[in-house]
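Residue-level listing of the chains:
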Amino acid sequence: MDTPLAELLTPNDDGAFHCAACQWRCALRPGETGRCQVRVATDEGISLLGYGMISGASICPIEDNRLWHFFPDTMMLAIGSWGYASTVDQQRGPYAAIPEDPTKQRRLDAERAANFALERLCRGVVWAYGEPAVAHEYVLALLQLSRASSRVTALVTTGVLTTEALEELGPYLDAISFDLRGFSDASYTRLGGLPNWRDALAIIAEAHDRYHCHIEVTTRIHHGVNDSPEELRELVEWIMATLGPYTPWHLLPGDAGSGTASSVVRARRIGHENGLHYIYTTEANQTTRCPACQATLITRVNGMARVVGMKDGMCETCGHDPQLQLSIFKARTSSS
């Protein structure tokens, strides 16, 4: 199989190619490899070393991908490839480097993946392994093909997509599970490895406002790193102002150190005090309740979600709109 070339790039007069797949925007000369470790420059452009290679694929509940208000109680094809944009993730993530052993370099054509999701009656596809930004060309093809077969689409991402990438993906993208590491330069230095982490916030805001993507936010709490009350309040204020009070916020322990559990509890309290309606942690069997009357809308027992208290997208008890994404045809309502 010939290695395809990247589409999102700009040639420079000095012989370098500027990659525009992720926010690092690497300038690569022939023979040089990007931070993602899956893009290398040649005389013709930037070669996609991992195109069509699959690091993981599984059929799973949509909730496994921290999307709890997006077509709950449905199965998705979760799929992904190799490479990260964050230098921190390269050191700790399981999907960083393409295996050297050819027998472990599994390939799956984008059309075959989309057809597989349709054949197995999956509601859609979610890019869940590795960072989708560094696999842009394959992700774009997969989203387009999935939409053509009436499947919904979602990404699990750190938000390092560029505006150019989002412009291509946006028309075919339904949901984003956003990994928000913290809300300060210090937190992202420790946990994200991104120099301009606020650019990720701008991308998520654009996906929400321009392309009406359903957004859910996940933050892993690290005691003494990203758990100060001031930082947590600023993070919640951003969610409220940018995405709205109905945005689910998933709080996970980032480590097993002493103090982390209490930090998660404090973060949840701060979120509720500042107006967020839906906050989830790692507790078993968490339910989703109507913000207006507290009636149960979704039960979750032993990993199985069930929509139980809704009619025509509204709370069956009081008629309130809880703003869950239950239909691909339902336009997202105002975040206010």
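Rules and cut-offs
- Residues numbered from 1 in each chain as written.
- Predicted model: local features only at pLDDT ≥ 70, side-chain atom pairs only at ≥ 80, totals over all residues.
- Heavy atoms only, no water.
- pLDDT = per-residue confidence, 0-100.
- Contact = heavy atoms within 4.5 Å.
- Phe/Tyr/Trp six-rings, centres within 6.5 Å; stacked < 30°, edge-to-face > 60°.
- Helix = DSSP H or I, 4+ residues; strand = E, 2+ residues; numbered from the N terminus.
- Buried < 20%, exposed > 50% of the residue type's maximum accessible area, 1.4 Å probe, protein only.
- Lys NZ or Arg CZ within 6 Å of the ring centre and 35° of its normal.
- Expected span 1.5 Å × (residues − 1).
- Pairing = 2+ DSSP bridges.
- Right-handed = clockwise from strand over helix to strand, strands pointing away.
- Arc of directions from axis to C-beta.
- Salt bridge = Lys/Arg side-chain N within 4 Å of Asp/Glu carboxyl O.

(A) Molecular detail of the confidence of the model for the protein. The share of residues in the protein with pLDDT of 70 or more is 97%, and the mean pLDDT across the chain is 94. A low-confidence stretch, residues 332-336 stays under pLDDT 50, and its non-local contacts, those more than four residues away or across chains, total 15 contacts.

(B) Broad picture of the packing of aromatic side chains. Taken as a whole, this structure holds 11 aromatic pairs when the rule is applied. With 6.5 Å between their ring centres and 45° between their planes, Phe 183 and Trp 238 make a pair best called tilted. With Phe 183 in the loop between β10 (175-179) and α5 (185-191) and Trp 238 in helix α7 (residues 229-243), this pair connects stretches of sequence that are 55 residues apart. According to the relative accessible area criterion, Phe 183 is buried, its value standing at 6%. Taking the relative accessible area as the measure of exposure, Trp 238 reaches 11% and is therefore buried. Here the aromatic residues Phe 178, Phe 183, Tyr 188, Trp 197 and Trp 238 are joined through ring pairs into a cluster of three or more. Directly above the ring of Trp 24 sits Arg 35, whose terminal nitrogen or CZ lies 3.7 Å from the centroid.

(C) Representation of helix α3 (residues 136-148). In this model α3 runs 18 Å from its N-terminal to its C-terminal C-alpha over 13 residues, within 8% of the 18 Å that 1.5 Å per residue would give. Regarding α3, the residues found buried are His 136, Glu 137, Tyr 138, Val 139, Leu 140, Ala 141, Leu 142, Leu 143 and Ser 146. Positive backbone phi, at 65°, marks Ser 150, one or two positions downstream of α3.

(D) Summary view of the pairing of strand β11 (residues 214-221). β11 sits mainly inside the fold: 7 of its 8 residues count as buried. Bridge analysis of β10 against β11 gives 5 bridges, and the strand direction is parallel. Residue pairing for β11: Ala 175 is matched across the bridge by His 214. As defined by bridge partners, β11 adjoins strand β12 (residues 249-253) across 5 bridges and the pair is classed as parallel. Residue pairing across strands places Thr 218 opposite His 250, the latter belonging to β12. Once you follow β11 into α7 and on to β12, the crossover reads as right-handed.

(E) Focus on the sheet that holds strand β2 (residues 17-19). As summarised here, the arrangement of the 3 strands in space is β1-β2-β3, forming an open sheet in which the pairing is antiparallel. Here the strands that pair on one side only, and so sit at the sheet edges, are β1 (9-11) and β3 (27-28).

(F) Region of the structure containing α7. With 15 residues, α7 extends 21 Å between its outermost C-alpha atoms, agreeing within 8% with the 21 Å of an ideal straight helix rising 1.5 Å per residue. What α7 keeps buried is the set Glu 231, Leu 232, Leu 235, Val 236, Trp 238, Ile 239, Thr 242 and Leu 243. Along α7, the residues classed as buried sweep out an arc of 150° about the axis, all on the same side. Turning to α7, the residues buried within the fold contact β10, α5, α6 (197-211), β11, β12 and α8 (260-273). In the stretch just after α7, Gly 244 is the one whose phi turns positive, near 105°.

(G) Structural detail: the sheet that holds β10. With respect to topology, 8 strands assemble into an open sheet ordered β6-β7-β8-β9-β10-β11-β12-β13, the strand pairing being mixed. Two strands in the sheet have a free side with no partner beyond their single neighbour: β6 (56-61) and β13 (279-280). The sheet contact formed by strand β7 (residues 75-80) and strand β8 (residues 124-129) spans 5 bridges and is parallel. Its bridge partner being in β8, Leu 77 is matched across the sheet by Val 125.

(H) Inspection of unusual backbone geometry at higher detail. Backbone geometry places Phe 71, a non-glycine residue, at a positive phi of 45°. Assignment of secondary structure puts Phe 71 in the loop between β6 and β7. On the basis of relative accessible area, Phe 71 is assigned to the buried category, the value being 6%. A positive phi angle, near 60°, is found at Gln 323, a position not held by glycine. Relative to the elements of secondary structure, Gln 323 occurs in the segment after β18 (314-315).

(I) Focus on the side chain of Thr 218. With respect to the helices and strands, the residue Thr 218 is situated in strand β11. Of the residues examined, Thr 218 reaches a relative accessible area of 4% and is grouped as buried. Apart from the residues within four sequence positions on either side, Thr 218 is in contact with Arg 66, Ser 177, Phe 178, Asp 179, Leu 180, His 250 and Leu 252.

(J) Spatial organisation of the environment of Lys 311. Relative to the elements of secondary structure, Lys 311 occurs in strand β17 (residues 310-311). Exposure remark for Lys 311: the relative accessible area of 54% places this residue in the exposed category. Spatially, the C-alpha atom of Lys 311 lies 31 Å from that of Ile 270, the residues being 41 residues apart in sequence.

(K) Seen up close, the pattern of salt bridges. In total, this model carries 13 salt bridges according to the counting rule given. When the shortest N-O distance is used, the salt bridge between Asp 174 and Arg 147 registers 2.6 Å. Residue Asp 174 is found in the loop between α4 (163-169) and β10, and its partner Arg 147 is found in helix α3; the two are separated by 27 residues along the sequence. A salt bridge links Glu 273 to Arg 269, with the nearest nitrogen and oxygen atoms 3.7 Å apart. Of the two residues, Glu 273 and Arg 269 both sit in helix α8, 4 residues apart, roughly one turn of that helix.

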